[in-house]
Amino acid sequence: MTKMIKVALVQQGVWHMAKESMPLAAGYLATMTREQLGEHCDVRIFNASGSMTPLEMAVDILRDGVPDVIGFSVLGWNVRQFASVAETVKQANPEAVVVFGGNHVANQSERVLRRDVAVDVVVNGEGEITFVELLRAVLEGTSYANVRGISYRGEDGSIVTTEEQPRLDDLDVIPSPILTGALPLVDERGEFRYDVALMETNRGCPYHCSFCFWGGAVGQKVRAFSRERLRAELEVLAKAKAHTVVLCDANFGMLRQDMEFIEDFIEVRDRYGYPRALETSWAKNKSKVFRDIVRRMREVGLGSSFTLALQTLNDSVLDLMNRRNMKINQWRELAEWLAAEGLDCYAELIWGVPGETPESFLEGYDELAKHVSRIAAYPLLLLPNTDFSDRRELHGFITVRGQRDDFEYVLSARGISLEENIRMQRFLFWARLLAENLVLREVWPVFRAVLGWTQSTCILSLVSFVEAQQGHLGAALLRQAAESSTADPDSLAPALEYCFATKEFAELVEQWWISTVEPAAPVQWRWALQEVVRYDLDTRPLPEPVRRGLHDAELISVDGEDHWSVERTYRLDVPALARSAREHGEVPEPIPDDHHVRLLYKHGFAELVRSTNHEETAHFVARPDPVPAPAAHLLPHSSQPERPAARPGNHVS
């Protein structure tokens, strides 16, 4: 084995992300290949941004020299683009070996290899050992039959699947792409180059949820990386000034070692000033370990969003999801505990599971919203390697493939008609836009306490108003995005940009207030509810001040980070009012009492304004800091007691 081959590893981030996503999967393959076959393989990583087209990817890859082996880290949103790039590579080098790996294609060779003729091999499990074995076969010119964990075409055109590759018990045998320098961490300006830093502390999932391929495709046994390795990775990321670490674990907070990781995280942050936030998929069953971790993070001010991954509040649907044995039904006590700890929390629900009805789903949504207003309500997708996908006939699923992705979107199912589903898809779009992605925040508990409006009622009221605005360009944009959302999750991107970036969206909400909410509000409450609306619109994450009309915004440094600073005065303490509404379900009649604040918007949201990653967005909601009262002539009109309360359109920035 003396020849040298060119190996390309391709990974692509989520659509519409301006910054690169960290190519961790490709990094694992690259470091393993270099360690085992470095003398024979020239390995390059091609990290495509989410907006990169197949043309741009193909040009980038071929410009570097036509590869002999090219491996793609496939997800549902990029499989079509990668298939197109693979065809181009095959034209340039018909002998090139094209490899697809990842949860979306694993164990799906019958479909993938027959559909995508340029693909030669599908990896059916963990890829690090399998990819090295495959490269050895290519270098030696031997049959793929001895490579474990793959599917490929036999000489007669039939699909051949080899024996399963044993899963790695010792994950530390995979060299770290962070520690080896396989992944460049800073750009030419010396700044951390990715949207977030990705890490794995463990692999595996013990659950068998019917809708999720984490348990089906990854396996049940949970295996962990060593504490020493993870600590070393944290230090390297800290020196690169990575602000947020996102863990790729299925159930962080389940293992005792997870507390050790948190302690190391805190020590590294205190020493270097970074990383400053942690996001992850938290353990579904919230054990003592989880609660100890949460308390420790609160003690030291370590930011995170804690997830209640409920998916449904319907007991019969829980059975169908194979989640009855999980202690998620204790969510009320947990939500109250997190709130008492002063920690951010959001919940997840899934619409479209057989047995759920629009009425039961909205009832569950509103019950959950009493405790957690940020609810990620997603439509059910049929994913490969899941129980729902394998038993689609039993459940009567009728699906459609996405416009540019390869996900199966459910149109109807047993007990759910097409008409009901379309009506609920409309609600899901608006609920995700307005509540999950934090466009509005404090109105939900306050309107519920004062007006008796549930969160879904409030959302649908605003929706009805927007949909009725004929000739309004912004309303038309939002309507069009909602109409295309059933099989196009990317439809949220332009809607989010409109809501966050424009002054016109605020004016649209103000008109809704004037025409719909104000007439329904008790007279003595109108000025206060008006201030709540104004506060929510003011504190939206800020991509760029001028477009929002914030001409008085100043760029300042706070704790070593750039923030936009704007001073505002409100006629009451809106966050305190909302907090009281959440905790008690009712609020005393308000008394005007001017609150002067400096709103601090973390800089950098322009790169995330079209992103649906609400966990990241949460870090960019304006933070109000009290400031001394300004001179009377500088007060906004609504804050001068001698004037009557103005309509929101007169003073919202």
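In this report, we go over the structure that sits alongside the text.

## Section: the overall build of the protein
Piece 1. The helix and strand inventory of the protein stands at 23 helices and 22 strands.
Piece 2. Its C-alpha atoms give the protein a radius of gyration of 26 Å, within 12% of the compact-globule value 26 Å for 653 residues.
Piece 3. Considering only C-alpha atoms, the protein reaches an extent of 90 × 55 × 50 Å along its principal axes.
Piece 4. A total of 653 residues make up the protein; the buried ones form 57% of that total.
Piece 5. Looking at the protein alone, contacts between residues at least 24 apart form 74% of all its contacts between residues at least 6 apart.
Piece 6. Accessible surface for the protein amounts to roughly 26,300 Å². Of this, 50% is attributable to carbon and sulfur atoms.
Piece 7. Placing the 69 positive and 94 negative side-chain charges of the protein at their respective mean positions leaves the two points 1 Å apart.

## Considerations on the packing of helix α12 (residues 358-369) against helix α15 (residues 418-436)
Two packed helices can be described by the angle between their axes and the distance between those axes.
Piece 1. One way to put it is that α12 packs onto α15 with a least axis distance of 11 Å and a crossing angle of 15 degrees. Between α12 and α15, the interaxial angle falls into the category roughly parallel. Crossing handedness for the pair α12 and α15: left-handed. Contacts from Pro 358, Glu 359, Phe 361, Leu 362 and Tyr 365 of α12 reach α15 at Glu 420, Arg 423, Met 424, Phe 427, Leu 428, Ala 431 and Ala 435.
Piece 2. Its residues placed into classes, the contact of α12 with α15 shows nine nonpolar, no polar and three charged.

## Overview of the packing of helix α18 (residues 473-483) against helix α19 (residues 492-501)
Piece 1. As a packed pair, α18 and α19 sit with axes 9 Å apart at the nearest point and diverge in direction by 150 degrees. Overall, the two elements α18 and α19 adopt an arrangement that is roughly antiparallel. Crossing angle aside, the handedness with which α18 passes α19 is left-handed. Residues Gly 474, Leu 477, Leu 478 and Ala 481 of α18 touch α19, and the partners they reach there are Pro 494, Ala 495, Tyr 498 and Cys 499.
Piece 2. Tallied by class, the residues present in the contact of α18 with α19 amount to seven nonpolar, one polar and no charged.

## Digging into the sheet that holds strand β15 (residues 375-379)
Piece 1. Strand order in the open sheet made by the three strands is β13-β14-β15, with parallel pairing throughout. Where the open sheet ends on each side, the last strands, each with one partner, are β13 (306-311) and β15. Shown here is a sheet whose adjacent strand axes are inclined to one another by a mean of 20 degrees, direction ignored.
Piece 2. With five bridges connecting them, β13 and strand β14 (residues 345-351) associate as parallel partners. Bridged to Ala 309 within β14 is Glu 348.

## Looking at the packing of aromatic side chains
The geometry of an aromatic ring pair comes down to the distance between the two centres and the angle between the two planes.
Piece 1. Using the criterion set out here, one finds 21 aromatic pairs in the structure.
Piece 2. An angle of 75 degrees between the planes, with centres 5.5 Å apart, marks the rings of Phe 72 and Phe 100 as edge-to-face. Linking Phe 72 in strand β3 (residues 69-73) with Phe 100 in strand β4 (residues 97-101), this pair joins segments that are 28 residues apart in sequence.
Piece 3. On the accessibility criterion, Phe 100 (0% relative accessible area) is buried.
Piece 4. With 5.8 Å between their ring centres and 80 degrees between their planes, Phe 252 and Phe 261 make a pair best called edge-to-face. Summarising the burial analysis for this pair, Phe 252 and Phe 261 share the class buried.
Piece 5. Aromatic ring contacts, followed pair by pair, group Phe 252, Phe 261, Phe 265, Trp 282, Phe 290 and Phe 306 into a single cluster.

Analysis parameters
- Residues numbered from 1 in each chain as written.
- Predicted model: local features only at pLDDT ≥ 70, side-chain atom pairs only at ≥ 80, totals over all residues.
- Heavy atoms only, no water.
- Helix = DSSP H or I, 4+ residues; strand = E, 2+ residues; numbered from the N terminus.
- Rg over C-alpha atoms; globule rule 2.2 N^0.38 Å.
- Buried < 20%, exposed > 50% of the residue type's maximum accessible area, 1.4 Å probe, protein only.
- Contact = heavy atoms within 4.5 Å.
- Areas by Shrake-Rupley, 256 points an atom, 1.4 Å probe, with all protein chains shown as cover.
- Lys, Arg positive; Asp, Glu negative; His and termini not counted.
- Charge placed at Lys NZ, Arg CZ, Asp CG, Glu CD.
- Axes fitted to C-alpha atoms, helices over the stretch in contact; angles between N-to-C directions.
- Parallel < 35°, antiparallel > 145°, perpendicular 65-115°, else oblique.
- Left-handed = near helix turned anticlockwise from the far one by under 90°.
- Nonpolar A, V, L, I, M, F, W, Y, C, P; charged D, E, K, R; others polar.
- Pairing = 2+ DSSP bridges.
- Phe/Tyr/Trp six-rings, centres within 6.5 Å; stacked < 30°, edge-to-face > 60°.

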